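Here is what each chain is made of, one letter per residue.
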Amino acid sequence: MISLAITTYQANKLNDFLFGGTSFTPSGTYYLGLSTTAINANGGGATEPAGGGYARVAVTNNKTNFTTSSGGIVQNNTQFEFPESTTAWGTITHVFIADSGAIGGGNILYYDALTNPRTVQTATILLFAINSMKIQLV
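A quick note: this is a predicted structure, and the numbers were derived from the prediction, not measured.

(A) Broad picture of the environment of Tyr-54. Summarising the element assignment, Tyr-54 is placed in the loop between β2 (29–35) and β3 (57–60). Taking C-alpha positions, Tyr-54 is 8.2 Å from Thr-86, a pair spaced 32 residues apart along the chain. Setting aside residues no more than four positions away along its own chain, Tyr-54 makes contact with Gly-33, Leu-34, Glu-48, Pro-49, Phe-82, Trp-89 and Ile-103. Looking at Tyr-54, its side chain comes within polar contact range of the side chain of Glu-48, at 2.6 Å.

Written out as structure tokens, the structure reads:
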């Protein structure tokens, strides 16, 4: 189970919306990414695999892909699967959700370290099973 933490970027957006009425529109698509380095609370520090078939995974923001919040927790309601690696990606230590599909682009919204880092060799498919990602605003 991965418990994704909110970045200060996303927390600031939500706080400004809830306390002050600043406009906020959730993204219609989120992008799941991987990192070989630690991600900071401000969303910095991510190092994504370069090449080798790596791409962020687009996830439509809907109730097919995410559960209804219960107890302040939302989980992935479908399996999230990365494309098969065509070369080694290194050791994946972190996963994140961003607002852009561009590698190294956009803002990281939520992140967490993998409980068991995964070394991705050629011809590896990395996936996250249903309900294996937990997003909780704490």
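Having seen the model, we can carry on.
(B) Spotlight on the nonpolar core. Membership of the largest hydrophobic core comes to 25 residues, with the highest contact counts inside it found for Leu-4, Leu-32, Leu-34, Phe-82, Val-95, Tyr-110 and Phe-128. Elements represented by at least two residues in this core include exactly β1 (2–6), β2, β3, β6 (90–98), β7 (108–120) and β9 (133–136). It is β7 that provides the largest number of residues to this core, a total of four residues. Sequence-distant contacts of Leu-32, that is, excluding residues within four places in its chain, are made with Arg-56, Val-57, Phe-80, Phe-82, Val-95, Phe-96, Ile-97, Phe-128 and Met-133. Within the second largest apolar cluster, five residues are counted, among which are Ile-39, Phe-96, Ile-108 and Tyr-111.

(C) Here's a closer look at a nonpolar patch on the surface. On the surface, Phe-17, Leu-18 and Phe-19 cluster together into a nonpolar patch covering about 360 Å² of accessible area. When you line up the elements, Phe-19 lands in the loop between α1 (8–18) and β2. The exposed category is assigned to Phe-19, whose relative accessible area is 66%.

(D) Expanded view of the environment of Asn-61. Residue position: Asn-61 is located in the loop between β3 and β4 (73–75). It is 5.2 Å that separates the C-alpha atoms of Asn-61 and Thr-29, two residues lying 32 residues apart in sequence.

(E) Broad picture of the pairing of β3. Only one face of β3 is covered, namely the face carrying Val-57 and Val-59; the face carrying Ala-58 and Thr-60 is uncovered. Here β2 runs beside β3; their pairing, made up of four bridges, is antiparallel. Looking at the pairing, Tyr-30 lines up with Val-59 of β3.

(F) Main features of the layout of surface pockets. When its volume is computed, the largest pocket comes out at roughly 420 Å³. Along the walls of the largest pocket sit 18 residues, with Tyr-30, Asn-61, Val-74, Tyr-110 and Ile-135 positioned nearest its centre. Breaking the lining of the largest pocket down by element, the ones donating at least two residues are α1, β4 and β9. Considering only residue class, the lining of the largest pocket consists of 11 nonpolar, six polar and one charged. Taken as a whole, the second largest pocket holds about 200 Å³ of empty space. Listing elements by their share of the lining of the second largest pocket, those giving two or more residues are β7 and β8 (127–128). Among the elements that take part in the lining of the second largest pocket, β7 stands out by supplying four residues, more than any other. Taken together, the residues that form the lining of the second largest pocket break down as seven nonpolar, three polar and one charged.

Conventions and cut-offs
Residues numbered from 1 in each chain as written. Predicted model: local features only at pLDDT ≥ 70, side-chain atom pairs only at ≥ 80, totals over all residues. Heavy atoms only, no water. Helix = DSSP H or I, 4+ residues; strand = E, 2+ residues; numbered from the N terminus. Contact = heavy atoms within 4.5 Å. Polar contact = N/O pair within 3.5 Å; in protein donor to acceptor, adjacent residues only side chain to side chain. Core = buried A, V, L, I, M, F, W, Y, C linked by side-chain atoms within 4.5 Å. Buried < 20%, exposed > 50% of the residue type's maximum accessible area, 1.4 Å probe, protein only. Patch = residues over 30% accessible without salt bridge, like charges linked within 9 Å, V, L, I, M, F, W, Y side chains within 5 Å. Areas by Shrake-Rupley, 256 points an atom, 1.4 Å probe, with all protein chains shown as cover. Salt bridge = Lys/Arg side-chain N within 4 Å of Asp/Glu carboxyl O. Pairing = 2+ DSSP bridges. 1 Å grid on protein atoms, 1.4 Å probe; cavity = no way out; pocket = protein on both sides within 12 Å on 5 of 7 lines; lining within 4 Å. Points joined across faces, edges and corners; volume = space filled by probe spheres on them. Nonpolar A, V, L, I, M, F, W, Y, C, P; charged D, E, K, R; others polar.

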